[in-house]
Amino acid sequence: MEPEGWPGHIWLEGRTSVHLKDHQMRPSHMPRGPAAKTGEGFLNPAMAPARTRSVMLLADAIENNWLVPEEKIIRVLDALCATGVRPRRWRKEVPRQDRLRITANDLDSDALSWGMKSHETHPLNDGIHWIPEPSRFEAKPKDSVKDGIQWINGDAKKLMVEAPFQWIDLDPFGSPVSFLDTAIQSISRIGVLEVTATDTAALCGSAKTSASRRYGSVGITDAYMHDDATRILLGVIARIAAMHDKSMHPILSLFDGHHVRVSVLLRKSKEVASNWNEHIGYRIRSSPYHFASQPSGEFSGPMWTGPLFDCDIAGRMTVERAIQLCAGKEEDYPDDWTDYDIEHSKREIERSVRHISDSAELLSGKHLLVPIDSLGIAAGIGQIPSMKKLKAGLEDRGFKMAQCHMPEPMFATDADWDTVIDVAKSAK
Ligand SMILES: C[S@@+](CC[C@H](N)C(=O)[O-])C[C@H]1O[C@@H](n2cnc3c(N)ncnc32)[C@H](O)[C@@H]1O
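Now for a description of the structure that goes with this document. Per chain, residues are indexed from 1 in the order of the written sequence. For a predicted model such as this one, the threshold for reporting local features is a pLDDT of at least 70, and the threshold for listing and counting side-chain atom pairs is 80 or more; totals across whole chains, interfaces and linings nevertheless cover every residue. The basis for the side-chain values is all heavy atoms of the structure; hydrogens and waters are excluded.

1. A closer look at the overall build of the protein chain
Turning to step 1, where the next piece is worked out: On a plain count of helices and strands, the protein chain comes out with 17 helices and 16 strands.
Turning to step 2, where the next piece is worked out: The C-alpha atoms of the protein chain give a radius of gyration of 22 Å, which matches the 22 Å a tight globule of 428 residues would have.
Turning to step 3, where the next piece is worked out: Taken over the C-alpha atoms alone, the protein chain extends approximately 65 × 55 × 40 Å along its principal axes.
Turning to step 4, where the next piece is worked out: Here's how the labels work: a residue is buried when its accessible area is under 20% of the maximum for its type, exposed when over 50%, partly exposed in between, all with a 1.4 Å probe on protein chains only. For the protein chain, the residues scored as buried account for 57% of the 428 residues in total.
Turning to step 5, where the next piece is worked out: The long-range fraction of contacts in the protein chain, counting pairs at least 24 apart against all pairs at least 6 apart in sequence, stands at 69%.
Turning to step 6, where the next piece is worked out: All accessible-area figures derive from a Shrake-Rupley calculation using a 1.4 Å probe, and residue coverage is judged against the displayed protein chains alone. When the accessible area of the protein chain is evaluated, it comes to approximately 18,500 Å², of which 51% is carbon and sulfur surface.
Turning to step 7, where the next piece is worked out: Both charge centroids of the protein chain, one from 52 positive and one from 59 negative side chains, sit 3 Å from each other. Labels follow the DSSP assignment, with helices taken as runs of H or I lasting at least four residues and strands as runs of E lasting at least two, numbered in each case from the N terminus. The reference for a compact globule is 2.2 Å times residues^0.38; the radius of gyration itself is calculated from the C-alpha atoms. Contacts are residue-level and defined by heavy atoms, with any inter-residue pair within 4.5 Å sufficient. Charged-residue counts in this description rest on Lys and Arg as positive and Asp and Glu as negative, His and the chain ends being excluded. Charged side chains are reduced to one point each, which is NZ for Lys, CZ for Arg, CG for Asp and CD for Glu.

2. A few points about the site of the ligand
Turning to step 1, where the next piece is worked out: Close to the ligand lie 17 residues, the nearest being Arg51, Asp106, Asp155, Ala156 and Asp171.
Turning to step 2, where the next piece is worked out: Arg51 is positioned with one of its side-chain polar atoms (N or O) 2.7 Å from an oxygen atom of the ligand.
Turning to step 3, where the next piece is worked out: In the model, a nitrogen atom of the ligand is placed 3.0 Å from a nitrogen or oxygen of the Leu80 main chain.
Turning to step 4, where the next piece is worked out: In isolation the ligand has 600 Å² of accessible area, and contact with the protein removes 85% of it.
Turning to step 5, where the next piece is worked out: For this classification, the nonpolar set comprises Ala, Val, Leu, Ile, Met, Phe, Trp, Tyr, Cys and Pro, the charged set comprises Asp, Glu, Lys and Arg, and every other residue, Gly included, is treated as polar. Along the lines of polarity and charge, the residues of the shell around the ligand split into 9 nonpolar, 2 polar and 6 charged. Here a residue is considered near a molecule or strand provided that any single heavy atom belonging to it is located within 4 Å of it. Here a polar contact is recorded for every N or O atom pair within 3.5 Å, except that within protein the pair must consist of a potential hydrogen donor and a potential acceptor, and residues adjacent in sequence are included only if both atoms are side-chain atoms.

3. Considerations on the pairing of strand E4 (residues 100-106)
Turning to step 1, where the next piece is worked out: Within E4, 6 of the 7 residues are buried, which leaves it mostly tucked inside the rest of the structure.
Turning to step 2, where the next piece is worked out: Paired strands, as defined in this entry, are two strands with at least two bridges between them according to DSSP. In the sheet, strand E3 (residues 74-78) pairs with E4 via 5 bridges, with the strands oriented parallel. Each bridged residue has a counterpart across the sheet, and for Leu77 the counterpart in E4 is Thr103.
Turning to step 3, where the next piece is worked out: The handedness of the E3 to E4 crossover, carried by helix H3 (residues 85-93), is right-handed.
Turning to step 4, where the next piece is worked out: Note that E4 and strand E6 (residues 149-153) share 5 bridges and pair parallel. Across the sheet, Ile102 pairs through a bridge with Ile149, a residue of E6. Looking down the strands as they point away from you, a crossover is right-handed if its path from the first strand over the helix to the second goes clockwise.

4. Regarding the pattern of salt bridges
Proximity of charged atoms lets side chains of opposite charge pair with each other.
Turning to step 1, where the next piece is worked out: A carboxyl oxygen of Asp or Glu within 4 Å of a side-chain nitrogen of Lys or Arg is what we treat as a salt bridge. Applying the stated criterion across every chain yields a total of 33 salt bridges.
Turning to step 2, where the next piece is worked out: In this structure, Arg75 and Glu133 form a salt bridge, with 3.9 Å as the shortest nitrogen-oxygen distance. A residue pair is termed long-range when its members are at least 10 positions apart, and Arg75 in strand E3 and Glu133 in the loop between helix H4 (109-121) and strand E5 (145-146) qualify at 58 residues.
Turning to step 3, where the next piece is worked out: Classification of Glu133 by relative accessible area gives exposed; the value is 57%.
Turning to step 4, where the next piece is worked out: Beyond isolated ion pairs, a larger network of salt bridges with shared partners links Asp78, Arg86, Asp169, Asp171, Glu194 and Arg261.

That is the geometry; function is a separate question.
As structure tokens, then:
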């Protein structure tokens, strides 16, 4: 039976053909904001950059063997996949499909059947087929693998209890907190957890009671609120991981448009997990801030105060790699696509990784984050020098500087605040 509204109209996300419902507007390229603003329906086009980065990370794990030894299989789960765009993109765009076992799960049977129908309509025909392993509670698995994706219509928590995975994606409506514990337990001895949180009012500190309930945190709605939001979510993941004897290592942690997205490596190790709070603390506002293990003065937190990126992995997330893996090719373009569509979708892929590889070294170590707007006020200068001039000024003095993938113009540097102010005053 065809899903209601099928086939809708076809759009290309990355290299993958997706079907939008007829009432869902053709996405403007580079959409931003929550689904309601970018075209309602099952698919939120504003999440395309997060899905592109997910494809790139999985491809990187396979290519560089940092998750499992060479030639071993990776079991990947999109626990809340809706219409299955992410698992379909993993399936189409990640090389070495023989090393993947992709499972797509959602509670909503309409969304799932839309995803299955889309997958069936755009087959890969590369001969990939596999038999799912029996779950922890069922002797005989259901063979629901279709063209390399296992589709499951069920509760993500039940599925994650039943089977172990090495890669789990959690992309719920709002807060991910209710899924974290089960997902972290489901992850094998070593695995990747990717988490989206759209409850930014809580994470950024404007919804104080939700922040306290869900994350046990307090926030300050200033220029650092987006970095705080990312770090508060990481702090909660580190805490829950430690409860299960697992340590957390951030790979890529971003605030992108209207959501927080973190990808972390979890590793079973009682010893390392015992020191989980080594990187937990508070951001104390003090010209402009420092991290401390105890709150004092004006503070936000508790939060993760350690690195946000893995230097090597994030360092390889270049524009060239994004284009190579995820930009549409001649054979992918929908019939009605114009040169304009092609050019803009390429730009969207580029935007997905903008500033990531350049800032990888700084964001994987100790750094100072500087919001350009606050810098003008702090330095008492009317006109803030361009990023280029600030970078040149800091590099002349032997420091590193890189613009960050943030909603507002911000840069990271290993210089101290006084040096940054000095450079801002002298750079013309
Ligand atoms: C924000 S959407 C997911 C979007 C999707 N990841 C994408 O990239 O298009 C959240 C999804 O979670 C599903 N959901 C909510 N609770 C669930 C649960 N307990 N188990 C499985 N799916 C659930 C909803 O049906 C919805 O499709």
